[in-house]
There are 2 protein chains.
Amino acid sequence: MKVHNFNAGPSVLPNEVLYKASKALIDFEGSGMSILEIGHRTPPFVAVIEEARSLVKELMQLDDDFEVLFLHGGASTQFLTVPMNLLESGETAAYTDTGVWSSKAIKEAKLFGYVDVVSSSRERNYNYIPKDFTVPAQAKYLHITTNNTIYGTQWHHIPETDVPLVADMSSDILSRTMDFNKFALIYGGVQKNMGAAGATVVCVRKSILGKVSRNIPSMLDYRVHIENGSMFNTPPVFPIYISMLTLRWLKGQGGVAAIEKLNDRKAALLYGEIDENPLFRGTVVKEDRSKMNVCFVMDKPELEEEFLKFTKKEDIVGIKGHRSVGGFRASIYNALPLESVEVMVEAMKYFSMKKA
Amino acid sequence: MKVHNFNAGPSVLPNEVLYKASKALIDFEGSGMSILEIGHRTPPFVAVIEEARSLVKELMQLDDDFEVLFLHGGASTQFLTVPMNLLESGETAAYTDTGVWSSKAIKEAKLFGYVDVVSSSRERNYNYIPKDFTVPAQAKYLHITTNNTIYGTQWHHIPETDVPLVADMSSDILSRTMDFNKFALIYGGVQKNMGAAGATVVCVRKSILGKVSRNIPSMLDYRVHIENGSMFNTPPVFPIYISMLTLRWLKGQGGVAAIEKLNDRKAALLYGEIDENPLFRGTVVKEDRSKMNVCFVMDKPELEEEFLKFTKKEDIVGIKGHRSVGGFRASIYNALPLESVEVMVEAMKYFSMKKA
């Protein structure tokens, strides 16, 4: 049995990835060993991590200044690693505050230098993406969170700026086309669109590194990880393997442009129903709606529990909204089939009809 | 087919762990979702991490001052996290230098305070454990690496000291009984004796925390992880699940005391053959020999390649020595069956007979 998995992350993965990984857990490529039992510096695993790194580069069409790393720690570790590597003490970095994760990134950056919060949508519970703001020319970089998982907003226009652009793309990486070469550094936990919890992808321009004077601990120094081919220490082997399989799957689907078309269809279908159905209402300013996390509430909150119970019977899981927003959040990442969105929309229609 | 897996880590895991995990990759406990697809804050995963944490506490018989955390980053991240949390700038920590990993821990600690290397076996390529050394009374803590994976040495007598004792136990954690309550902090990557690469276990006394004045980034602050029940951010879900299953398996085997007996038998068998067989010679001072990583060479190095080829035909894998020592290293962690050691010993006997 498979359910319709709208989890916000960790979240749905392609079936073929899971089946292949399940077999590799018993016998990895005929080695007589599990993927968990092989040395990380042996050729079979080196091939895995190298394929994962080069698929990211290929799928994002990154130029040669970029290095792709698979690290430990989650995006939360990058919140401190980014300023530690890029922001000299006494210098200023510009941050946009578009949700809980942005705020956490800002908090950590303040330990390393000055932070200029150039825009914030906090006063409206982060239900929109700020548009009019100025980035000081002397800012060392501008940090954005391209998609805000909790609030369901997404930057549909990446800000034009002369300072290096740094982005937390944890929840929409590889879900849509864009010129990724506009960025100086892109990072993300992989557990939403490109794998399983435990690995973190970092795409960093080599040319921005080595410009701060502080002593950086080895495990937090991007240059150390680059020199060591993302294997300074034992990497998170299995999460990286899952990423490699997921990236391979994405390439097989036609890459980012193809998955974007499907993601657009899924989002259009679900937002269309939210807008048409009298029982439901989106929580986000329309132009800033996320195509990954669809947040909505009911005008009659007393029906929400009932709707949840109803959808559960339809094998729909993971749609309870985050406590910061309430209501519902349906996460429709790359691996969620169109069929699951169709089932969800049917459930909304049917429930509404019953209540009419 | 299963091979005889003497890998140094990642390394052999119990079959029952792999089979259970392989099924959970497709359907975790009848949820219709993979273990990779469920939310980390949902009750089924909270139960997993809580069981893992409490099994560590139970199997090590830790007193109530200890908190057990499962973190990202590997032991290499602990090399910096330990001094960041425990060593005030200007204060001194005592370190013993018993191998590559100790040296790396020392290097990172120097970024945070003074390091007094109170003993080192470097001058003899780390083939013994230093015995006579003094720990200055004012040292903030003493750091040891209880087992040295690369060189095959192990501390069989934990130093008696009045300062808090900190240990990297990556390669012998839960392999032998000892009074773990003598320690103030124990850490280890779990990919040798207690799981798969990607999770790090930290057992820390709450009473030693909060005594340094520096600002500690959230992801590196033990107090933050304690407050958040080891879930400050998305944890490495699958590696933690594997640890939980491995810990459950160890408990089923009779716990640490029972596995120690088996480990003693395996080590005695293999070292016995090394000492008796005229072709082979151990590289480590006898009294300091590791019961986890057995290092040995041949007096006629030209035979080493031939022996490697011969053992390969017997499905023995992972015995090539680390480049720092050469020859062979057979890692005989908890999950390695006695049978594998017997096969190895038979191969040594047979090869020696052929060459006689």
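Just so you know, these numbers come straight off a predicted model, no measurement behind them. (Residues numbered from 1 in each chain as written. Chains lettered and ligands numbered in written order. Predicted model: local features only at pLDDT ≥ 70, side-chain atom pairs only at ≥ 80, totals over all residues. Heavy atoms only, no water.)

### Description of the relation of the copies chain B and chain A
For step 1, the next point in the chain: Of the transformation superimposing chain B on chain A, the axial component is 0.0 Å and the angular component is 180°, with the fit at an RMSD of 0.0 Å. Within this description, the copies of the chain are treated as partners about a two-fold rotation axis. Across chain B, the smallest distance between a C-alpha and the rotation axis is recorded for S22 of chain B, namely 2.3 Å.
For step 2, the next point in the chain: Looking at chain B, 100% of its interface residues are interface residues in chain A too, so the copies touch through the same face. (Least-squares fit on C-alpha atoms with pLDDT ≥ 70 in both. Contact = heavy atoms within 4.5 Å.)

### Considering the sheet that holds strand 14 (residues 328-331) of chain A
Residues and elements named next belong to chain A.
For step 1, the next point in the chain: Read across the sheet, three strands follow the order 11-12-14 without closing on themselves; strand pairing throughout is antiparallel. Lying at the two open borders of the sheet, with one neighbouring strand each, are strand 11 (280-282) and strand 14. Taken over all neighbouring pairs, the strand axes of this sheet differ in orientation by 35° on average, direction set aside.
For step 2, the next point in the chain: Bridge count for strand 12 (residues 293-298) against strand 14 is four bridges, and the pairing is antiparallel. Paired with C295 across the strands is R329, a residue of strand 14.
For step 3, the next point in the chain: On the sheet, helix 7 (residues 255-276) packs against strand 11, strand 12 and strand 14 and is oriented at approximately 15° with respect to strand 12. (Pairing = 2+ DSSP bridges. Helix = DSSP H or I, 4+ residues; strand = E, 2+ residues; numbered from the N terminus. Axes fitted to C-alpha atoms, helices over the stretch in contact; angles between N-to-C directions.)

### What about the pairing of strand 10 (residues 200-205) of chain B?
Residues and elements named next belong to chain B.
For step 1, the next point in the chain: Most of strand 10 is tucked away, with six of its six residues classed as buried.
For step 2, the next point in the chain: Because side chains alternate across strand 10, one face comprises the buried residues T200, V202 and V204, and the other comprises V201, C203 and R205, equally buried.
For step 3, the next point in the chain: With six bridges connecting them, strand 2 (residues 66-71) and strand 10 associate as antiparallel partners. Directly across from F70, in strand 10, lies its bridge partner V201.
For step 4, the next point in the chain: As paired elements, strand 9 (residues 185-189) and strand 10 share five bridges and run antiparallel to each other. In the sheet register, I186 faces strand 10, and the bridge partner there is C203. (Buried < 20%, exposed > 50% of the residue type's maximum accessible area, 1.4 Å probe, protein only.)

### Topic: the domain arrangement of chain A
All names here are of chain A.
For step 1, the next point in the chain: Taken domain by domain, chain A consists of domain 1 (15-252) and domain 2 (255-355).
For step 2, the next point in the chain: Each of domain 1 and domain 2 has a C-alpha centre, and these two points are 27 Å apart.
For step 3, the next point in the chain: Contact residues are listed per partner, giving 27 residues for domain 1 and 25 residues for domain 2.
For step 4, the next point in the chain: A combined buried area of about 2,100 Å² lies between domain 1 and domain 2, and 54% of that area is made up of carbon and sulfur atoms.
For step 5, the next point in the chain: One can count two salt bridges joining domain 1 with domain 2.
For step 6, the next point in the chain: Ionic pairing is found between D288 and K131, a salt bridge with its closest N-O pair at 2.9 Å.
For step 7, the next point in the chain: One can count 17 residue pairs in polar contact (both at pLDDT 80 or more) joining domain 1 with domain 2.
For step 8, the next point in the chain: Secondary-structure elements contributing two or more residues to the side of domain 1 that touches domain 2 are strand 6 (147-148), strand 7 (153-154) and helix 6 (237-252). (Domains from an automatic or database assignment. Buried area = accessible area lost by both parts, 1.4 Å probe. Salt bridge = Lys/Arg side-chain N within 4 Å of Asp/Glu carboxyl O. Polar contact = N/O pair within 3.5 Å; in protein donor to acceptor, adjacent residues only side chain to side chain.)

### Concerning the packing of helix 2 (residues 43-59) of chain A against helix 6 of chain A
Residues and elements named next belong to chain A.
For step 1, the next point in the chain: The N-to-C vectors of helix 2 and helix 6 enclose an angle of 45°; their axes lie 9 Å apart at closest approach. Relative to helix 6, helix 2 is oriented oblique. Both helix 2 and helix 6 take part in a crossing whose hand is left-handed. Listed contacts from helix 6 to F45, V48, I49, E51, A52, L55, V56, E58 and L59 of helix 2 are V237, I240, Y241, M244, L247, R248, L250 and K251.
For step 2, the next point in the chain: Within the contact of helix 2 with helix 6, the residues separate by chemical class into 13 nonpolar, no polar and four charged. (Parallel < 35°, antiparallel > 145°, perpendicular 65-115°, else oblique. Left-handed = near helix turned anticlockwise from the far one by under 90°. Nonpolar A, V, L, I, M, F, W, Y, C, P; charged D, E, K, R; others polar.)

### A closer look at the UniProt feature "modified residue: N6-(pyridoxal phosphate)lysine" (unreviewed entry) in chain A
All names here are of chain A.
For step 1, the next point in the chain: Mapped onto this structure's residue numbering, the UniProt feature "modified residue: N6-(pyridoxal phosphate)lysine" (unreviewed entry) falls at K192.
For step 2, the next point in the chain: By the element assignment, K192 lies in the loop between strand 9 (185-189) and strand 10 (200-205).
For step 3, the next point in the chain: Judged by its relative accessible area of 12%, K192 is buried.
For step 4, the next point in the chain: Leave out the neighbours within four places in its chain, and K192 touches A8, G9, S11, V12, T149, S170, S171 and Y333.
For step 5, the next point in the chain: In terms of polar contacts, K192 uses its side chain to reach the backbone carbonyl oxygen of A8, at 3.0 Å. (UniProt positions renumbered as here; feature names shortened; annotations may be inferred.)

### Focus on the sheet that holds strand 12 (residues 293-298) of chain B
Residue and element names in this part refer to chain B.
For step 1, the next point in the chain: Taken together, three strands build an open sheet; the order of strands is 11-12-14 and the sheet is antiparallel. Both edges of this open sheet fall to strand 11 (280-282) and strand 14 (328-331), since each of them pairs with a single strand only. Between one strand and the next, the sheet's axes are offset by a mean angle of 35°, whatever the strand orientation.

### What about unusual backbone geometry?
For step 1, the next point in the chain: Of note, the bond from G9 of chain A into P10 of chain A is cis; its omega dihedral lies within 30 degrees of zero at -5°.
For step 2, the next point in the chain: Positive phi, close to 65°, is recorded for L174 of chain A, a residue that is not glycine.
For step 3, the next point in the chain: Along the chain, L174 of chain A turns up in the loop between strand 8 (165-168) and strand 9.
For step 4, the next point in the chain: Of note, D315 of chain B is a non-glycine position whose phi angle comes to about 65°, a positive value.
For step 5, the next point in the chain: If you trace the backbone, D315 of chain B turns up in the loop between helix 8 (304-313) and strand 13 (316-317).
For step 6, the next point in the chain: In this structure D315 of chain B comes out as partly exposed when scored by relative accessible area, which is 29%.

### A word on helix 1 (residues 15-24) of chain B
For step 1, the next point in the chain: Considered for burial, the residues of helix 1 of chain B that qualify are V17, L18, A21, S22 and A24 of chain B. Axial view of helix 1 of chain B: buried residues confined to an arc of 160°, hence all on one face. When the buried face of helix 1 of chain B is taken as reference, the exposed residues oriented beyond 90 degrees from it are E16 and K23 of chain B.
For step 2, the next point in the chain: Each element contacted by the buried residues of helix 1 of chain B is listed here: helix 1 (15-26) of chain A together with helix 6 (237-252) of chain B. (Arc of directions from axis to C-beta.)

### Quick notes on the pairing of strand 9 of chain B
Side-chain direction in a regular strand flips from residue to residue, so the side chains alternate between the two faces of the sheet.
Residue and element names in this part refer to chain B.
For step 1, the next point in the chain: Here strand 9 lies mainly inside the structure; five of its five residues are buried.
For step 2, the next point in the chain: With burial as the criterion, each face of strand 9 is covered, one bearing L185, Y187 and G189 and the other bearing I186 and G188.
For step 3, the next point in the chain: As judged from the three bridges shared by strand 8 (residues 165-168) and strand 9, these two strands associate in the parallel manner. From the neighbouring strand, D168 faces strand 9, where its bridge partner is Y187.

### With respect to the interface of chain B and chain A
For step 1, the next point in the chain: The partner chain A presents 56 residues to the 56 residues of chain B that form the contact.
For step 2, the next point in the chain: Surface buried jointly by chain B and chain A totals about 4,300 Å² across both partners, of which 64% is contributed by carbon and sulfur atoms.
For step 3, the next point in the chain: At the junction of chain B and chain A, the tally comes to two salt bridges.
For step 4, the next point in the chain: There are 17 residue pairs in polar contact (both at pLDDT 80 or more) connecting chain B and chain A.
For step 5, the next point in the chain: When residues of the side of chain B that touches chain A are traced back to their parent elements, those giving at least two are helix 1, helix 3 (74-86), helix 4 (100-109) and helix 6 of chain B.

### A closer look at the pattern of salt bridges
For step 1, the next point in the chain: Tallied over the entire structure, the rule returns 42 salt bridges over all chains.
For step 2, the next point in the chain: A salt bridge links D63 of chain A to R205 of chain A; the nearest nitrogen and oxygen atoms lie 2.9 Å apart. Here D63 of chain A, found in the loop between helix 2 and strand 2 (66-71), pairs with R205 of chain A, found in strand 10; they are 142 residues apart in sequence, far enough to count as distant.
For step 3, the next point in the chain: Classification of D63 of chain A by relative accessible area gives partly exposed; the value is 27%.
For step 4, the next point in the chain: A salt bridge links R53 of chain B to E50 of chain B; its shortest N-O distance comes to 3.1 Å.

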